[in-house]
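# Structural overview for review
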Amino acid sequence: MEKVLVGCFLLILGQLTLLLPAEARERPRLRSASRGRNARTHPQTALLESSCENKRADLVFIIDSSRSVNTHDYAKVKEFIVDILQFLDIGPDVTRVGLLQYGSTVKNEFSLKTFKRKSEVERAVKRMRHLSTGTMTGLAIQYALNIAFSEAEGARPLRENVPRVIMIVTDGRPQDSVAEVAAKARDTGILIFAIGVGQVDFNTLKAIGSEPHEDHVFLVANFSQMESLTSVFQNKLCMVHMCSALEHNCAHFCINTPGSYVCKCKQGYILNSDQTTCRIQDLCAAEDHGCEQLCVNVLGSFVCQCYSGYSLAEDGKGCVAVDYCASEDHRCEHECVNADGSYFCRCLKGFSLNPDKKTCTKIDYCASPNHGCQHECVNTEDSYSCRCLRGFTLNPDKKTCRRINYCALKKPGCEHECVNTEEGYYCRCHRGYTLDPNGKTCSRVDHCAEQDHGCEQLCLNTEESFICQCSEGFLINADLKTCSRADYCLLSDHGCEYSCINTDRSFACQCPEGHVLRSDGKTCARKDVCQAVDHGCEHACVNSGESYICKCLEGFWLDEDGKRCRRKDVCKSTHHGCEHICVNRGNSYICKCSEGFVLAEDGRRCHRCSEGPVDLVFVIDGSKSLGEDNFEIVKQFVTGIINSLVISPKAARVGLLQYSTQVRTEFTLRSFSSAKDMKKAVAHMKYMGKGSMTGLALKHMFERSFTQVEGARPPASRVPRVAIVFTDGRAQDDVSEWASKAKANGITVYAVGVGKAIEEELQEIASEPTNKHLFYAEDFSTMGEISEKLKKGVCEALEDSDRSQDSPAGELPKRVHQPTESEPVTINIQDLLSCSNFAVQHRYLFEEDSLSRSTQKLFHSTKSSGSSLEEKSDQCKCENLIMFQNLANEEVRKLTQRLEEMTQRMEALENRLRYR
């Protein structure tokens, strides 16, 4: 009872306020900085202050920040907002304030939940920056309706009857539609004040503002005159909102009016005579519907219907008589054929009628186990045909397939190697060579000439790069660039039996006349054949009775002349098992695959990139601008991508999101393990048909779709993560933040735009480079072309991912010499440095503080007290030097491995670009 009395009192008080003279109501209120809450004031001012004090409201300012608003006028708008704030009681339990400014896009400066004190709101208003872009007024109102007045952004629930108010300021014509979205906002109970400045179309302001327009729509000549409206809004905002003060009993919506309220109904309903309840509008009685037989009301409209035995004509109003097939529920799946007094069902060619005499089944000729197709069997209308996979051709028997050897077929004349691809071939050069512009011949790469090598004395080309060397009598320094002269006899415990002589690059032990050095390079023996003649052996000469034979170091073959040595080709000398290509790598090899294929887990076999593992999530636009017919085309587009992949838990996992004003997970990465079930789910997907919150969809994709809970494989598995985002129009929220986060966290994002899609938004969504990850079509007729390009792009991404993980197919056993019982297990590094051979030039590999573990195990000091020169084994003999060289080569291989992988990737990319 007390609540009713208070409500009546407030109602009477509001009507008295309206009866006051206009100049009294609109006179600006003067505030004194020294006046406290309990100071004496004019009775009318006290009434306004008391009604604003403790007043509960959710107020959102929408500010035009287009380029037509100059800097001075923009400052006036901020002053006007600060003046309005002065008479509001701002706090979480009273008036909450939010602010949006808009141009071509909407920027949320702060929401209803952001600030709890008036001073914080004032500071935020003063810090605002001018956007200086277009005028998308409708987009701003839509953002306020969908987001700003949501409970998540701080708006109080509708059941609490807290007034929701929009105050919008604009100076020009909007570049989008405002009437429909403003009407939706008003129908939800939001009170809209529209303020126009300058040359604004007054009809546009009335389409935005609430009724009555004289209380909610205002027009001033310039921004300086806005301050004259401060007292007007003080009166209107501080007025009691009867919808929250009284039990209004409105069936649908309660709309506040000055000092009172009115009830309104949802679209398709009209208000009853009691002015509170609503009923469905009878349009059949109210309009000249034109229906020939029957008119039936539906919500917000009507439809024409016909009597039994008749069907509705194409104009939707007239009726025509029906035949048996049309008049009865025949349920024939394909064709209904009229017969005497009845009908029967018939199937199309290639189908057979089921026992129910209604439905049809496709005749599956391929289901027979006797079709004999090696790769694929394809049903035709009345039979079947065999088809081969890509890169294969059908044999004359029309059943079996053979791989197309383009290199043998076209004989391109490659100087080094010809490499087959799925659709052709390309020429490739051996390591250390580069392909000439003619695409066939090869030239050796001169790294010393191409780079500023910085070598002090000599530069030596290697297969992949270069190394610095020193002239005779010098040693390379630790910087691997400069050289220093060295006395090798003095530097090391040379162990020469007779005398030590410095050479250009090392030292040599010397024997007296008539003697020669033994193979250990230290002790002396009488002359042998190898020392007595110019044997010409390239690597090593070994005495054999009264003659000699030449031998080669490990990893080399002796040439036919019996003197020179050539490197072994591991790929040719062993059964490597590589399905496509074997590539030599030092004393081992790795397997590689042709373009369009990736290496299997065994490191030898190859499979198509479409069979590779990938976590793929579709983000599909289901907004109303798309239309149901085009939505079916998008579903076919998704099915086409799924058909190009091998769907299984170990291969491709696919998830799908549909978004409109909300985001709906159609299925996750763990939902399906077969393409058949997945395509069935796509076919049954229901069209949402509302707004377009693309940014919200990207947020959902990033935060949830690629989690292990929803089926994504862990990052440690290095399975590529790919998102395909489809949109046909402008997003109603920001897309850049969540697109950037997704890409920064390793998700490759493809953006597909059709029709009115915005190029700037697509560029923000797509991964770099955008020319490979952004696809656009003017209409849906070219979706097939985009599908093919997208399949190829995903395939190339999987190939690049595979190349970045190259690893040897299987290391061959190291043929390093193993010590015998008479030889020491370890070798002293100083002993090796005293050997006159190639290894001395690379001693820097073992002088760094961070020696490799394998080198530390093999090379450490073996000196102990009491050991003598005679007790040491021969450290300079050929086998130990070979061991040293093998280890040195291994260290060099490790240092250059990354450079080699990067070079191979660059070559593949260059070849791919060359043949596009």
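None of the values given here were measured: they were computed from a predicted structure.

## Section: the overall build of the chain
- Counting its secondary structure elements, the chain contains 28 helices and 48 strands.
- Looking at the chain as a whole, 43% of its 916 residues are labelled buried.
- Here the analysis covers contacts within the chain between residues at least 6 apart in sequence; of these, 56% occur between residues at least 24 apart.

## Some remarks on the pattern of salt bridges
- One pass over the full model with this rule turns up 20 salt bridges.
- A salt bridge links R156 to D58, with the nearest nitrogen and oxygen atoms 2.7 Å apart. Remark: D58 occurs in strand β1 (residues 57-64) and R156 occurs in the loop between α6 (137-148) and β4 (164-170); sequence separation between them is 98 residues. We note that R156, like D58, is buried.

## A short note on the nonpolar core
- Counting 38 residues, the largest nonpolar core has F61, L85, V125, M167, F233 and L237 as the members making the most contacts within it.
- Looking at this core, the elements that each hand over two or more residues are β1, α4 (71-86), β2 (95-102), α5 (118-126), β4, β5 (190-197), β6 (217-220) and α10 (230-238).
- A total of 7 residues in this core trace back to one element, the largest contributor, which is α4.
- Those residues in contact with L85, other than ones at most four positions away along the chain, are F61, I90, V97, K118, V121, E122 and V125.
- L616, I620, V638 and F726 belong to the second-largest nonpolar core, a separate cluster that totals 34 residues.

## Considerations on the packing of aromatic side chains
- Summed over the entire model, instances satisfying the criterion amount to 10 aromatic pairs.
- Pairing F637 with F726 gives two aromatic rings, centres 6.4 Å apart and planes at 45°, and the pair type is tilted. Of this pair, F637 sits in helix α19 (residues 628-643) while F726 sits in strand β46 (residues 721-727); the two residues are 89 residues apart in sequence, bridging distant segments of the chain. As far as the burial class goes, F637 and F726 line up, both buried.
- Between F667 and F672, the ring centres sit 5.2 Å apart and the planes meet at 70°, which makes this aromatic pair edge-to-face.
- In this structure an aromatic cluster arises from ring pairing among F80, F193, F218 and F233.
- Here the guanidinium or amino end of K741 rests over the ring plane of W738, the centre of that ring lying 4.1 Å away.

## Describing the pairing of strand β23 (residues 417-420)
- Strand direction decides the pairing type here: β23 and strand β24 (residues 425-428), joined by 4 bridges, are antiparallel. Looking at the pairing, V419 lines up with Y426 of β24.
- Remark: 4 residues form the turn of the hairpin made by β23 and β24, two consecutive strands paired antiparallel.

## Describing the sheet that holds strand β44 (residues 652-659)
- Taken together, 6 strands build an open sheet; the order of strands is β45-β44-β43-β46-β47-β48 and the sheet is mixed. Of all strands in the sheet, those with a lone pairing partner are β45 (663-667) and β48 (774-777), marking the two edges. Averaged over all pairs of adjacent strands, the angle between their axes in this sheet comes to 20°, without regard to strand direction.
- For β46 and strand β47 (residues 747-754), the ladder comprises 7 bridges, and the chain directions are parallel. Paired with F726 across the two strands is V752, which belongs to β47.
- Packing of helix α21 (residues 694-705) onto the sheet brings it into contact with β43 (614-621), β44, β45, β46 and β47, and relative to β44 it is tilted by some 145°.

## A closer look at the state of the cysteines
- Per the counting criterion, the structure on display carries 24 disulfides.
- Each sulfur in the disulfide pair C414 and C427 lies 1.8 Å from the other. Given an S-S torsion of about -70°, the disulfide between C414 and C427 has left-handed geometry. Taken together, the residues span a long stretch of sequence, with C414 in the loop between α14 (406-410) and β23 and C427 in strand β24 at a distance of 13 residues.

## Some details on the sheet that holds β4
- Judged by pairing direction, the sheet is mixed, and its 6 strands sit side by side in the order β3-β2-β1-β4-β5-β6 without closing on themselves. Of all the strands in the sheet, just β3 (106-110) and β6 have a single pairing partner and so form its edges. The sheet shows a mean angle of 20° between the axes of neighbouring strands, taken without regard to direction.
- Bridge count between β5 and β6: 4 bridges; the pairing is parallel. Bridge assignment links V197 to a residue of β6, and that residue is V220.
- Sitting on the sheet, α4 touches β1, β2, β4 and β5, and the angle it makes with β1 is about 170°.

## Remarks on α4
- For α4, with 16 residues, the first-to-last C-alpha span of 23 Å sits near the 22 Å given by 1.5 Å per residue.
- Where α4 starts, the residue carrying a side-chain oxygen 3.2 Å from the main-chain nitrogen of H72 turns out to be N70.

## Overview of the environment of I404
- Its place among the elements puts I404 in the loop between β22 (401-403) and α14.
- Between the alpha carbons of I404 and L394 there is a distance of 9.8 Å; along the sequence they are 10 residues apart.
- Residues within four places of I404 in sequence aside, it is in contact with G391, F392, T393 and N420.

## Some words on a nonpolar patch on the surface
- A cluster of nonpolar side chains, namely L294, Y307 and Y310, defines an oily patch on the protein surface of about 300 Å² accessible area.
- Looking at the element boundaries, Y307 is found in the loop between β12 (301-305) and β13 (310-312).
- Taking relative accessible area as the criterion, Y307 reaches 46% and is therefore assigned partly exposed.

## Details of the packing of α6 against helix α7 (residues 179-187)
- It is at 9 Å that the axes of α6 and α7 come closest, and there the two elements cross at 25°. Here α7 runs roughly parallel to α6, going by the angle between their axes. Where α6 crosses over α7, the handedness of that crossing is left-handed. In this structure, α6 uses G138, I141, Q142 and L145 to contact α7, whose residues at the interface are V181, A182, K184 and A185.
- Residue composition of the contact of α6 with α7, grouped by class: 5 nonpolar, 2 polar and 1 charged.

## Structural notes on the side chain of Q293
- Locating Q293 in the fold gives a position in the loop between α12 (283-286) and β11 (294-298).
- What Q293 contacts, discounting residues up to four positions off in sequence, is Q305, C306, Y307, Y310 and C319.

## Points about α5
- Turning to α5, its buried residues number three or more, namely E120, V121, E122, A124 and V125.
- Residues of α5 that are buried sit in contact with α4, β2 and β3.

## As for the packing of α4 against α5
- α5 packs onto α4 with a crossing angle of 175° between their chain directions and a minimal axis gap of 10 Å. Regarding the angle of α4 to α5, the classification is roughly antiparallel. Contact residues: K78, I81, V82, L85 and Q86 in α4; K118, V121, E122, V125 and K126 in α5.

## Comments concerning unusual backbone geometry
- Of note, the bond from E211 into P212 is cis; its omega dihedral lies within 30 degrees of zero at -5°.
- Counting through the fold element by element, P212 comes out in the loop between α8 (202-208) and α9 (213-216).
- Across the junction of E768 and P769, the peptide omega takes the value -10°, indicating a cis bond.
- Assignment of secondary structure puts P769 in the loop between α23 (759-765) and α24 (770-773).
- You will see that S132, though not glycine, has its phi angle at about 60°, which is positive.
- Although it is not a glycine, K357 adopts a positive phi angle of roughly 60°.
- Mapped onto the elements of the fold, K357 is located in the loop between β17 (351-353) and β18 (360-362).

## Points about a negative patch on the surface
- Together, D734, E759, E760 and E764 make up a region of like negative charge exposed at the surface.
- When you line up the elements, E759 lands in helix α23.

## Section: the environment of P174
- Within the secondary structure layout, P174 lies in the loop between β4 and α7.
- Here the alpha-carbon distance between P174 and T204, two residues 30 residues apart in the chain, equals 8.5 Å.

## Remarks on the confidence of the model for the chain
- Considering every residue of the chain, the mean pLDDT works out to 78; 78% of them sit at 70 or more.
- Long-range and interchain partners of residues 807-875, a stretch whose pLDDT sits below 50, account for 129 contacts in this model, where long-range means more than four residues apart.

Rules behind the numbers
Residues numbered from 1 in each chain as written. Predicted model: local features only at pLDDT ≥ 70, side-chain atom pairs only at ≥ 80, totals over all residues. Heavy atoms only, no water. Helix = DSSP H or I, 4+ residues; strand = E, 2+ residues; numbered from the N terminus. Buried < 20%, exposed > 50% of the residue type's maximum accessible area, 1.4 Å probe, protein only. Contact = heavy atoms within 4.5 Å. Salt bridge = Lys/Arg side-chain N within 4 Å of Asp/Glu carboxyl O. Core = buried A, V, L, I, M, F, W, Y, C linked by side-chain atoms within 4.5 Å. Phe/Tyr/Trp six-rings, centres within 6.5 Å; stacked < 30°, edge-to-face > 60°. Lys NZ or Arg CZ within 6 Å of the ring centre and 35° of its normal. Pairing = 2+ DSSP bridges. Axes fitted to C-alpha atoms, helices over the stretch in contact; angles between N-to-C directions. Disulfide = S-S within 2.5 Å. Expected span 1.5 Å × (residues − 1). Polar contact = N/O pair within 3.5 Å; in protein donor to acceptor, adjacent residues only side chain to side chain. Patch = residues over 30% accessible without salt bridge, like charges linked within 9 Å, V, L, I, M, F, W, Y side chains within 5 Å. Areas by Shrake-Rupley, 256 points an atom, 1.4 Å probe, with all protein chains shown as cover. Parallel < 35°, antiparallel > 145°, perpendicular 65-115°, else oblique. Left-handed = near helix turned anticlockwise from the far one by under 90°. Nonpolar A, V, L, I, M, F, W, Y, C, P; charged D, E, K, R; others polar. Lys, Arg positive; Asp, Glu negative; His and termini not counted. Charge placed at Lys NZ, Arg CZ, Asp CG, Glu CD. pLDDT = per-residue confidence, 0-100.

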